[in-house]
Amino acid sequence: MDFQNRIADFLRQWSLQADGLPLHTHAACLLPVLHGGQPAMLKLSTGDDERRAGAVLRWWDGDGAVQVLAASPDDDVLLLERVISVRSLTGLSRLDEAGDAAATRILCAVAAHLHAARPMAPALPPLSDCFAALAAAAPLHGGVFSDCHGVARELLTAPQDIVVLHGDLHHENVLDGGARGWLAIDPKGYVGERGFDFANVLCNPDAAMATAPGRLDRQVALIAREAGLDRARLLAWVAAWAGLSAAWHLEDGTPPETALAVARIALAALA
């Protein structure tokens, strides 16, 4: 069944009314809808990581993340709380240095909710599964890729503080939920070291900020303090993540320069 037919099927099944045009991504289709007169989002997924999002979001049960209102048996179709944000963390970060710090504190607070211990965690793949692209890029391209792969291998061999990870936590994946607070969307769903979830924060909200002189050092110190992380180990996760991001860019045929620049900054700070 194609997306159009499946959308029509679930509009009927869950008594929904379309409230906008569908948005297609590489692995999902999202349609704004009304559910009992309230805004919601219908999400149909094709990729495994998108399907895992349903299990993770249901497990979080609205604590620091959008609420799942309904789900198909295999989580490939979700009806989600729709957040209509007025404020954005990207906009806050771009105001000035104080705004950038405030946005990072919000991201740390959201991560604390997501990482909180809960019973009956869903079955999820290990974080090491995420790093196949970097392992393949290291012998092919050497240099920064090899350095980042070495750092990643050490981290993954002896992980600490294991939690259910969002997997793609950054400024655009945390929305202003008003009275509900700031809420995460679009988790990838892995199990691994808690520090990993903060690495992508430091590669965002844009290339200019991520590579601005002194910014990475300030943000690492802030996150280490707010989240109770070791500064050097957090820097190592930044290097590992940035190398992985660069490897993904190569696979996708997109420019890896920003990710490589962040990786070099993190590696230099580690040295």
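Cut-offs used in this document
Along each chain, the written sequence defines residue order, and numbers are assigned to residues from 1. For a predicted model such as this one, the threshold for reporting local features is a pLDDT of at least 70, and the threshold for listing and counting side-chain atom pairs is 80 or more; totals across whole chains, interfaces and linings nevertheless cover every residue. To get the side-chain values, take all heavy atoms of the structure and skip hydrogens and water. To qualify as a helix, a DSSP run of H or I must reach at least 4 residues; to qualify as a strand, a run of E must reach at least 2; elements of each kind are numbered from the N terminus. Here the radius of gyration uses the C-alpha set of atoms, whereas the globule reference equals 2.2 Å times the residue count to the power 0.38. Here's how the labels work: a residue is buried when its accessible area is under 20% of the maximum for its type, exposed when over 50%, partly exposed in between, all with a 1.4 Å probe on protein chains only. Residue contacts are defined here by distance: any two heavy atoms, one from each residue, within 4.5 Å place the two residues in contact. Residues enter a nonpolar core if they are buried and are Ala, Val, Leu, Ile, Met, Phe, Trp, Tyr or Cys, with the set joined through side-chain atoms within 4.5 Å. Within this scheme a cavity is a closed region of a 1 Å grid, computed over the protein atoms alone, that accommodates a 1.4 Å probe without allowing it to escape, whereas a pocket is open but has protein on both sides within 12 Å along at least five of seven lines; lining residues each have an atom within 4 Å of a point. Grid points are joined across faces, edges and corners, and a volume is the space filled by probe spheres set on the points. Polar here means any residue other than Ala, Val, Leu, Ile, Met, Phe, Trp, Tyr, Cys and Pro, which are nonpolar, and Asp, Glu, Lys and Arg, which are charged; Gly is therefore polar. What a helix is expected to span follows from its residue count: subtract one and scale by 1.5 Å. Any pair of N or O atoms that falls within 3.5 Å is considered a polar contact. Within protein, one atom must be able to donate a hydrogen and the other to accept it, and sequence-neighbouring residues count only if both atoms are side-chain atoms. Here, two cysteine sulfur atoms that lie within 2.5 Å of each other are counted as a disulfide. DSSP bridges decide pairing: two strands pair if at least two such bridges lie between them. Only rings of Phe, Tyr and Trp enter the pairing, Trp through its six-membered ring, and a pair is recorded when the two centres are within 6.5 Å. The plane angle decides the type: under 30 degrees is stacked, over 60 is edge-to-face, the rest tilted. Charges are assigned to positions over rings by a cutoff of 6 Å between ring centre and Lys NZ or Arg CZ, combined with an angular limit of 35 degrees from the ring normal. For every element, the axis is a line fit to its C-alpha atoms; helices are fit only across the contacting stretch, and the angle between N-to-C directions ranges from 0 to 180 degrees. We call two directions roughly parallel when the angle between them is under 35 degrees, roughly antiparallel when it is over 145, roughly perpendicular when it lies between 65 and 115, and oblique otherwise. Each helix crossing is assigned a hand: it is left-handed if the near helix lies turned anticlockwise from the far helix by less than a right angle, otherwise right-handed if that turn is clockwise.

**Q** Looking at this structure, how should I read the overall build of the protein?
**A** Helix and strand content of the protein: ten helices and ten strands. In terms of overall dimensions, the protein is globule-like: its C-alpha atoms have a radius of gyration of 19 Å, near the 18 Å expected for 271 residues. When its C-alpha atoms are laid out on the principal axes, the protein stretches across 60 × 40 × 35 Å. By residue count, 54% of the 271 residues in the protein fall in the buried class. Within the protein, residue pairs in contact and separated by at least 24 positions form 65% of the contacts whose partners lie at least 6 positions apart.

**Q** What is the right way to read the nonpolar core from this model?
**A** One broad rule of soluble globular proteins: the nonpolar side chains tend to lie buried together. Core analysis: the biggest nonpolar cluster contains 73 residues, and Leu-127, Phe-131, Val-174, Phe-198, Ile-223 and Trp-237 have the highest contact counts within it. By residue number, the principal contributor to this core is helix H9 (residues 231-252), which donates twelve residues. Not counting the four nearest positions on each side in its chain, Phe-131 is found in contact with Ala-152, Leu-156, Phe-196, Trp-237, Ala-240 and Leu-244. Judged by nonpolar contacts, the second largest core, of 14 residues, contains Ile-7, Leu-31, Ala-70 and Val-77.

**Q** Explanation requested: the layout of surface pockets in the structure shown.
**A** Over the atoms rolls a probe the size of a water molecule, and in doing so it shows where empty space is left. By volume, the largest pocket is sized at about 1200 Å³. Together, 44 residues line the largest pocket, and Asp-168, His-170, Asn-173, Asp-186 and Lys-188 are the ones closest to its centre. Listed by contribution, the elements that provide at least two residues to the lining of the largest pocket are strand E3 (28-35), strand E4 (38-45), helix H2 (48-60), strand E6 (77-81), H9 and helix H10 (257-270). Looking at which element gives the most residues to the lining of the largest pocket, the answer is H9, with six residues. Looking at the lining of the largest pocket, its residues break down into 22 nonpolar, eleven polar and eleven charged.

**Q** Help me understand helix H4 (residues 97-114), please; the structure alone is not making it clear to me.
**A** The periodicity of an α-helix, 3.6 residues per turn, causes residues three or four positions apart to be oriented the same way. For H4, spanning 18 residues, the distance from its first C-alpha to its last is 26 Å, which sits close to the expected 26 Å at 1.5 Å a residue. At the N-terminal boundary of H4, the capping side chain belongs to Asp-96, with an oxygen 3.2 Å from the backbone nitrogen of Ala-98.

**Q** Sorry, what's going on with the side chain of Asn-204 here?
**A** Tracing the chain through its elements places Asn-204 in the loop between strand E10 (190-193) and helix H7 (207-210). The residues contacting Asn-204, other than those within four sequence positions of it, are His-170, His-171, Ala-210 and Arg-215.

**Q** Help me understand H9 in this model?
**A** Its 22 residues place the ends of H9 31 Å apart at the C-alpha level, agreeing with the 32 Å of an ideal helix rising 1.5 Å per residue. By the N-cap criterion, in which a side-chain oxygen at the helix start approaches the backbone nitrogen of a residue two or three places on, H9 is capped by Asp-230, the distance to Ala-232 being 3.3 Å. One or two steps after H9, the chain reaches Gly-253, where phi turns positive at roughly 75°.

**Q** Looking at this structure, how should I read the state of the cysteines?
**A** Evaluation of the coordinates by the stated rule reveals zero disulfides. Cys-203 supplies the cysteine sulfur nearest to Cys-130, a cysteine that is in no disulfide, at a spacing of 13 Å.

**Q** I keep staring at the pairing of E6 and nothing clicks. Help me out?
**A** Remember that side chains alternate between the two faces of the sheet whenever the strand is regular. Burial within E6 is extensive, with five of its five residues counted as buried. Where E4 meets E6, five bridges bridge the pair, whose relative direction is antiparallel. When the sheet's bridge partners are listed, Ala-40 is paired in E6 with Glu-81. Connecting strand E5 (residues 68-71) to the antiparallel partner E6 that follows it, the hairpin turn spans five residues, and Asp-75 within it adopts a positive phi of roughly 65°.

**Q** Explain the packing of aromatic side chains to me, please; I cannot follow it from the model alone.
**A** What the rule picks out here adds up to five aromatic pairs. Taken together, a centroid distance of 5.6 Å and an interplanar angle of 80° make the contact between Trp-241 and Trp-248 edge-to-face. The exposure class assigned to Trp-248 is partly exposed, which follows from its relative accessible area of 29%. An aromatic cluster is present here, built from Phe-131, Phe-196, Trp-237, Trp-241 and Trp-248 joined pairwise through their rings. Directly above the ring of Tyr-190 sits Arg-52, whose terminal nitrogen or CZ lies 4.7 Å from the centroid. Positioned above the aromatic ring of Trp-59, the side-chain terminus of Arg-118 is 5.4 Å from the ring centre.

**Q** Would you explain the environment of Gly-214 in this entry?
**A** You can see Gly-214 is positioned in the loop between H7 and helix H8 (215-227). Each C-alpha atom, one on Gly-214 and one on Asp-76, is 42 Å from the other, the two residues being 138 residues apart in sequence.

**Q** How should the packing of helix H5 (residues 132-141) against helix H6 (residues 143-157) be read in this particular structure?
**A** How two helices pack is summed up by the angle between their axes together with the distance between the axes. Their axes nearest at 7 Å, the elements H5 and H6 cross at an angle of 140°. When the axis of H5 is compared with that of H6, the two are oblique. Of the two elements, H5 crosses H6, and the hand of that crossing is left-handed. Here H5 contributes Leu-134, Ala-135, Ala-137, Ala-138 and His-141 to the contact with H6, which in turn contributes Gly-143, Phe-145, Ser-146, Cys-148, His-149 and Ala-152.

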